[in-house]
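The residues making up each chain are set out below.
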Amino acid sequence: FGERGGLADARWADQRNGVNNSDIFFIKSSDGGNNLTDALKVNSDNTGRHQYRNAMAVDQSNGYIYIAYYDRRNYILNDTSDVYISKSTDGGANWTEYKINNSGLYNDGSLFDGDYIDIAAHAGIVRPVWTHIDNFNTGIWTCLFNEPGTGIADNNSINKNFNFTVNPNPANLV
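Here the structure is a predicted model, which is why all the values come from computation and not from measurement.

> Which parts of the structure should I look at to understand the side chain of E147?
Structurally, the position occupied by E147 is in the loop between β12 (137-146) and β13 (158-164). Residue classification places E147 among the buried residues on the basis of a relative accessible area of 8%. Among the polar contacts made by the side chain of E147, one reaches the side chain of Y66 at a distance of 2.7 Å. At 3.1 Å, the side chain of E147 forms a polar contact with the side chain of K87. Apart from residues lying up to four places away in sequence, E147 is in contact with Y64, Y66, K87 and G124.

Pasting the structure below:
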């Protein structure tokens, strides 16, 4: 659950639209969870491909809701994923999507690609993080996503292609 001024929000992925078609859904409650809205589909595609593993953040400064997730809509074999952010500025009634990676995350099922995806948002500055396998090497990626008017220089709101690598992997903690 996320919280916005006493409201509670939840998001998840399920296959109510078909076994090969996971979608991301959102509900909210204005009375502490006693009553919930109907589930709303967050992703707008109708490809019958998976959207899965998701994370949510609520920017407490403006109430905007952000959900980051893996999305296979662009890959007919359903074996490669992109990363998307869906944003709602009206409490979850409507969503706008942004593809935030510039190369697909291929996984034929032989590797565990991690279930690591998260997102933080504060004062219009949004930072998703996710894992990405490239040539059998796992890296941690992010995107610099800034809402207009935050006082930070903006290049079309989304800057792509930030890759961080930890070596050796796994790292030894001292």
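> Would you mind showing me how to read the pairing of strand β7 (residues 80-88) here?
Each regular strand displays side chains that alternate between the two surfaces of the sheet. When you tally the buried positions in β7, you get nine out of nine residues, the bulk of the element. By the alternation rule, side chains of β7 split into T80, D82, Y84, S86 and S88 and S81, V83, I85 and K87, which are all buried. Bridge count between β7 and strand β9 (residues 105-106): two bridges; the pairing is antiparallel. Bridged to S81 within β9 is L105. Taken together, the four bridges between β7 and strand β8 (residues 96-99) define a ladder with antiparallel strand orientation. Note on β8: the bridge partner recorded for Y84 is K99.

> Mind showing me how you'd approach the packing of aromatic side chains here?
Working definition: an aromatic ring pair is given by the centre-to-centre distance plus the angle between the planes. In the structure shown here, the tally under the stated rule is six aromatic pairs. Each ring, one from Y52 and one from Y70, has its centre 5.4 Å from the other, and the planes form 25°; the classification is stacked. Of the two residues, Y52 sits in strand β5 (residues 51-58) while Y70 sits in strand β6 (residues 65-71), which places them 18 residues apart along the sequence. Note on Y66 and F145: the rings are 6.0 Å apart at their centroids and 75° apart in plane angle, and the pair reads as edge-to-face. You can see Y66 sitting in strand β6 and its partner F145 sitting in strand β12, a full 79 residues away along the chain. Members of the aromatic cluster, connected to one another through ring pairs, are Y66, Y98 and F145. Above the plane of the ring of F25 lies R16, whose end atom (NZ or CZ) is 4.2 Å from the centre. Its end group placed over the ring of Y84, R73 keeps NZ or CZ at 4.2 Å from the ring centre.

What counts as what
- Residues numbered from 1 in each chain as written.
- Predicted model: local features only at pLDDT ≥ 70, side-chain atom pairs only at ≥ 80, totals over all residues.
- Heavy atoms only, no water.
- Helix = DSSP H or I, 4+ residues; strand = E, 2+ residues; numbered from the N terminus.
- Buried < 20%, exposed > 50% of the residue type's maximum accessible area, 1.4 Å probe, protein only.
- Polar contact = N/O pair within 3.5 Å; in protein donor to acceptor, adjacent residues only side chain to side chain.
- Contact = heavy atoms within 4.5 Å.
- Pairing = 2+ DSSP bridges.
- Phe/Tyr/Trp six-rings, centres within 6.5 Å; stacked < 30°, edge-to-face > 60°.
- Lys NZ or Arg CZ within 6 Å of the ring centre and 35° of its normal.

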